[in-house]
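Fold and geometry: a report
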Amino acid sequence: MKKTLFDKVWDSHVVRQVENGPDVLFIDRHLVHEVTSPVAFLGLKNRGIGVLYPERTFATADHNTPTINQHLPVTDPLSANQLNALEQNAKEHGISHWGLGHEKNGIVHVVGPEYGITQPGATIVCGDSHTSTHGAFGAIAFGIGTSEVEMVLSTQCIMQPKAKKMRINVNGKLNFAVTPKDVALYIISKLTTSGATGYFVEYAGDVFKNMSMEGRMTVCNLSIEMGARGGMIAPDEKTFEYIKGREFTPSGAAWDKAMTYWETLKTDEGAEFDKELNFNASDIEPMITYGTNPGMGLGISQCIPTAGEIDGGEATYKKSLGYMAFNEGDDMIGKPIDFVFIGSCTNGRIEDFRAFASIVEGRHKAPNVTAWLVPGSHKVEAAIAEEGLLDIFTEAGFELREPGCSACLAMNDDKVPAGKYAVSTSNRNFEGRQGPGSRTLLASPLVAAAAAVTGKVTDPRELMEETAN
Amino acid sequence: MAYDKFDILTSSAVPLPIENVDTDQIIPARFLKATERKGFGENLFRDWRYNNDGSPKSDFVLNNPIYSGQILVGEKNFGSGSSREHAAWAVYDYGFRCVISSFFADIFKGNCLNVGVLPVQVSSAFSDKIFAAIDEDPKTELTVNLNDQTVTIVSSGEQETFDINEYKKNNLLNGFDDIDYLLNIKKEVQDFAQNTPL
Ligand code: SF4
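Nothing here was measured: the structure is a model prediction, and the numbers come from that model.

1. Comments concerning the interface of chain A and chain B
- With 71 residues of chain A in contact, the opposing surface of chain B contributes 53 residues.
- In this assembly, chain A packs against chain B so that about 5200 Å² is buried in total across both faces, 61% of it on carbon and sulfur atoms.
- Measuring nitrogen to oxygen at the nearest pair gives 2.6 Å for the salt bridge that ties Asp177(B) to Arg47(A).
- At the boundary of chain A and chain B, one finds 25 residue pairs in polar contact (both at pLDDT 80 or more).
- Elements that contribute at least two residues to the side of chain A that touches chain B include exactly strand 1 (14–17), strand 2 (23–26), helix 2 (38–47), helix 3 (77–93), helix 5 (146–155), strand 8 (157–160), helix 10 (253–262) and helix 11 (314–324) of chain A.

2. Re the pattern of salt bridges
Residues and elements named next belong to chain A.
- Under the defined criterion, the tally for this structure stands at 31 salt bridges over all chains.
- Its salt-bridge partner being Glu247, residue Lys104 comes within 2.9 Å of it at the nearest N-O pair. Taken together, the residues span a long stretch of sequence, with Lys104 in the loop between strand 5 (96–98) and helix 4 (108–114) and Glu247 in the loop between helix 9 (237–243) and helix 10 at a distance of 143 residues.
- Classification of Lys104 by relative accessible area gives buried; the value is 12%.
- With a shortest N-O distance of 2.8 Å, Arg461 and Asp459 are connected by a salt bridge. Summarising the burial analysis for this pair, Arg461 and Asp459 share the class buried.
- When salt bridges with common partners are traced through the structure, they connect Lys3, Asp7, Asp11, Lys162 and Lys165 into a single cluster.

3. Description of the domain arrangement of chain A
Residues and elements named next belong to chain A.
- Along its sequence, chain A is carved into domain 1 (5–275) and domain 2 (331–468).
- On a C-alpha basis, the centres of domain 1 and domain 2 stand 25 Å from each other.
- On the domain 2 side, the residues contacting the 39 residues of domain 1 number 36 residues.
- Summed over both partners, the interface of domain 1 with domain 2 comes to about 3100 Å²; 57% of that surface belongs to carbon and sulfur atoms.
- Applying the counting rule to domain 1 against domain 2 returns one salt bridge.
- A salt bridge links Arg428 to Glu225; the nearest nitrogen and oxygen atoms lie 2.9 Å apart.
- The interface formed by domain 1 and domain 2 contains 22 residue pairs in polar contact (both at pLDDT 80 or more).
- Residue assignment for the side of domain 1 that touches domain 2 shows that the elements contributing at least two residues are helix 4, helix 6 (180–191) and helix 8 (213–221).
- Broken down by element, the side of domain 1 that touches domain 2 gets its largest block of residues, five residues, from helix 8.

4. Details of the environment of Leu113(B)
All names here are of chain B.
- Here Leu113 is to be found in helix 4 (residues 106–115).
- Judged by relative accessible area, which is 15%, Leu113 ranks as buried.
- Separated by 57 residues in sequence, Leu113 and Pro56 place their C-alpha atoms 30 Å apart.

5. Notes on the nonpolar core
- Among the nonpolar cores identified, the biggest contains 115 residues, and Val340(A), Phe356(A), Phe393(A), Phe398(A), Phe45(B), Phe78(B) and Ile100(B) are the most heavily contacted of them.
- For this core, the element with the most residues is helix 16 (residues 445–454) of chain A, which contributes eight residues.
- The residues that make up this core include at least three from each of domain 1 (5–275) and domain 2 (331–468) of chain A.
- The contact partners of Phe356(A), leaving out residues within four places of it in the chain, are Val340(A), Ile342(A), Leu373(A), Phe393(A), Phe398(A), Pro445(A), Ala448(A), Ala449(A) and Ala452(A).
- Judged by nonpolar contacts, the second largest core, of 70 residues, contains Val32(A), Phe137(A), Phe142(A) and Ala258(A).

6. A short note on the pairing of strand 5 (residues 141–145) of chain B
All names here are of chain B.
- Of all five residues in strand 5, four are buried, a share of seventy percent or more.
- In this sheet, strand 5 lies alongside strand 1 (residues 8–16) in antiparallel orientation, the contact comprising five bridges. Its bridge partner lying in strand 5, Ile8 is registered against Asn145.
- Hairpin connection, strand 5 to strand 6 (residues 150–153): the antiparallel pair is bridged by four residues, and Gln149 has positive phi, about 55°.

7. Considering the sheet that holds strand 2 (residues 71–74) of chain B
Residue and element names in this part refer to chain B.
- In space, the seven strands of this open sheet follow the order 4-3-2-1-5-6-7, with mixed pairing throughout. Unpaired on one side and paired on the other, strand 4 (118–121) and strand 7 (159–161) mark the two borders of the sheet. Averaged over all pairs of adjacent strands, the angle between their axes in this sheet comes to 25°, without regard to strand direction.
- Judged from the three bridges that link them, strand 6 and strand 7 form a sheet pairing that is antiparallel. Bridge pairing in strand 7 places Thr150 opposite Thr161.
- On top of the sheet, helix 5 (residues 124–136) reaches strand 1, strand 2, strand 3 (98–101), strand 5, strand 6 and strand 7; it is set at about 35° to strand 6, its chief contact.

8. Regarding the site of the ligand
All names here are of chain A.
- Lining the immediate environment of the ligand, one finds His63, Ile107, His109, Asp128, His130, Ser344, Cys345, Cys405, Cys408, Leu409 and Asn427.
- Grouping the amino acids of the shell around the ligand by side-chain chemistry returns five nonpolar, five polar and one charged.
- Counting only domains with at least three residues in the shell around the ligand, you end up with domain 1 (5–275) and domain 2 (331–468).

9. What to know about helix 6 of chain A
Residue and element names in this part refer to chain A.
- Compared with an ideal rise of 1.5 Å per residue, which puts 12 residues at 16 Å, helix 6 spans 17 Å between its outermost C-alpha atoms and is within 8% of the ideal.
- Along helix 6, 10 of the 12 residues are buried, which leaves the element largely enclosed by surrounding structure.
- Looking only at helix 6, the buried set comprises Pro180, Lys181, Asp182, Val183, Ala184, Leu185, Tyr186, Ile187, Ile188 and Leu191.
- Backbone geometry just downstream of helix 6 places Thr192 in the positive-phi region, at approximately 70°.

How each quantity is defined
- Residues numbered from 1 in each chain as written.
- Chains lettered and ligands numbered in written order.
- Predicted model: local features only at pLDDT ≥ 70, side-chain atom pairs only at ≥ 80, totals over all residues.
- Heavy atoms only, no water.
- Contact = heavy atoms within 4.5 Å.
- Buried area = accessible area lost by both parts, 1.4 Å probe.
- Salt bridge = Lys/Arg side-chain N within 4 Å of Asp/Glu carboxyl O.
- Polar contact = N/O pair within 3.5 Å; in protein donor to acceptor, adjacent residues only side chain to side chain.
- Helix = DSSP H or I, 4+ residues; strand = E, 2+ residues; numbered from the N terminus.
- Buried < 20%, exposed > 50% of the residue type's maximum accessible area, 1.4 Å probe, protein only.
- Domains from an automatic or database assignment.
- Core = buried A, V, L, I, M, F, W, Y, C linked by side-chain atoms within 4.5 Å.
- Pairing = 2+ DSSP bridges.
- Axes fitted to C-alpha atoms, helices over the stretch in contact; angles between N-to-C directions.
- Near = heavy atom within 4 Å.
- Nonpolar A, V, L, I, M, F, W, Y, C, P; charged D, E, K, R; others polar.
- Expected span 1.5 Å × (residues − 1).

In structure tokens, the structure reads:
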């Protein structure tokens, strides 16, 4: 039978199928962080059981960590308690732990690929919905709840029904200043936040073929925002090149053996999907969101639709615009903003900081803007310095913070105050996501950079053309 | 984590007719700092329920004494966003045992099933009927019968069936969880692990 990429990876990990029930799925790699794991470890304790394969689980602290003065003790007692719990639990069960201050520390979905934990054809889970990021390597990767974290710790399996299959093809050539983030926000704006619920998505077509691994991670990361369980892209030369030689990547004979498996990881010609969607690259322009879910996005040069123009509940739509204090028909360009956040597992990798630097170079941070530049990991932080981007940022009046999730979910002190507007490269613009009462506009690093130097929503193409001339 | 068995529940319901309710609304991230599973109900819908100074917002449904019960009736795409199981814990801890919606986000639905909250997916038409009935009489009772897989508006007798797989149904009826099942097949898992490619 002809199989999709998703079928191949899923089916080869099914330990057994429960009659009229879910599949028992074997998990190759498990990532844990401090927020969604403590209750799972407590569960093990209450049951009097241990971790079955500690070498398959990797722990990092990221959600709840400060992004300045990481060398000092964490002042918030609740956060400190959670970080300690992770360290103790990891130690007790023999799990590797990249805590605060560790050279490998960073956002769980940034460090996984950096160290070669993420590999094609693997099943990867984590108690965080953006685990879908790892699908960029041709892995099946998705977020799980804490009960499932406990299952994986104790039995290396979870129980889930197999998702339906969707393929999203984007063909053609991307326009000037259109980044992977824009491609994803565009797709979500077409599908809505529930358009892919129940599906696992495979991204295919020229646009993804030509995309860097960082870009593919950005796209797969955002799969969850269209409701999908996860998203994946078939591994190719670019993938193998990226993972080769990383610490946890196989080497020597093991590499050759792995390659034999990895090279089979593509959808067979004629394999069937439950749903297939096609988009043209040329239709996409730099995107920005205007509402309180990631599906409420539009091309930056457009104006906010009226309630009559959108599908779905009018009351919900009006509530959302009310929260943002925007009006139907408003232009997005020119809207004043207060904060800029570049970071998160969506856009906190080196390529994102390069893009940000390309616009802020030779310009200056707008005086009304507070900017948080937060690298996804120490590795990214080091690369920013090595490539000279740090000097560009400093000259332009920006400071670089230390790695972590930061204002993506604002569990630490990096909170956008009530009523303030933030252009963010992260993934969610829900009410209060970046701090109680905060208002988030999701966008690419280029759009964020344009906002950071002008203090308002600005089309990055204008500044880029200015630079070119 | 053990939870109470679920078989038949008859209760009035709390209506929340807002679409795309995400888990950041159900429980905001700043309340995820606990290392134990308790007390999450206090912060259920925190920012919709309380003002910044901690006083209750009178226009939010949980603060309206005419609505009560162990069933929460939500709108389309309930529970989208973050995978935090804390959202399902908060729903359970507040006292809800069942959430009804015409469309659930995947992870939230799975999390509910794992912690003893029954997610009941109904048609949009039936969901509209439930909202209308509660609108007319806030004390409207609903009966959710897991064994028969039915949900009934008691006053009118209108009924609809809902889907749930046999395995999960059996777990909820008996208060079992997946770990009990997985621990029982540990040997099979270990044999499987020997032959995984990675
Ligand atoms: S950066 Fe945001 S989305 Fe990514 S892991 Fe951290 S909190 Fe989750």
